[in-house]
Amino acid sequence: TAEKIALVQKCVRAFEYNFTGKEYYNPDKRMPLQRVMNLAKAVLNKALPIKCLEATMLGIYLTRDIADLARVPLRFGTVVQG
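Keep in mind the model is a prediction, meaning the values are calculated, not measured. (Residues numbered from 1 in each chain as written. Predicted model: local features only at pLDDT ≥ 70, side-chain atom pairs only at ≥ 80, totals over all residues. Heavy atoms only, no water.)

Caption draft 1: Up close: the nonpolar core. Within the largest apolar cluster, 15 residues are counted, with the highest numbers of intra-cluster contacts made by Leu39, Val43, Leu58 and Leu62. Where this core is concerned, the elements lending two or more residues are helix H1 (2-13), helix H2 (33-46) and helix H3 (52-62). Residue contributions to this core peak at five residues, all from H2. Among residues more than four places away in sequence, those in contact with leucine 58 are Val12, Phe15, Ala40, Val43 and Leu44. (Core = buried A, V, L, I, M, F, W, Y, C linked by side-chain atoms within 4.5 Å. Buried < 20%, exposed > 50% of the residue type's maximum accessible area, 1.4 Å probe, protein only. Helix = DSSP H or I, 4+ residues; strand = E, 2+ residues; numbered from the N terminus. Contact = heavy atoms within 4.5 Å.)

Right under this line is the structure:
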């Protein structure tokens, strides 16, 4: 399991962060699991820069077969000052 998680982390880190201002994907944290899986497949196929939510969805997809992995729901937001 640790090796698999390390490979998943390596895969996610291989993607560049999307600083372009262009939205390549249309993620929504309220989307059903099947749409999350489809979006993650698109991320893998297109290999374009991603943001945090796409990376999270990619992690969910890549760890879907690890049954004993504890998943903790988190909520995050971005605050821009200035």
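Once the structure has been displayed, the description carries forward.
Caption draft 2: Geometry of the packing of H1 against H3. Two elements in contact, H1 and H3, have axes whose closest approach is 10 Å; the angle formed by their N-to-C orientations is 150°. Our pair here, H1 against H3, has a crossing hand that is right-handed. Touching Lys4, Val8, Cys11 and Val12 of H1 are Ala55, Leu58, Gly59 and Leu62, all from H3. Counted by class, the contact of H1 with H3 contains six nonpolar, one polar and one charged residues. (Axes fitted to C-alpha atoms, helices over the stretch in contact; angles between N-to-C directions. Left-handed = near helix turned anticlockwise from the far one by under 90°. Nonpolar A, V, L, I, M, F, W, Y, C, P; charged D, E, K, R; others polar.)

Caption draft 3: How the structure looks around the state of the cysteines. Tallied over the entire structure, the rule returns zero disulfides. Among the cysteines around cysteine 11, which has no disulfide bond, cysteine 52 carries the closest sulfur, lying 16 Å off. Under the relative-accessibility criterion, cysteine 52 is labelled partly exposed at 44%. (Disulfide = S-S within 2.5 Å.)

So yeah, pure geometry; function would need other evidence.
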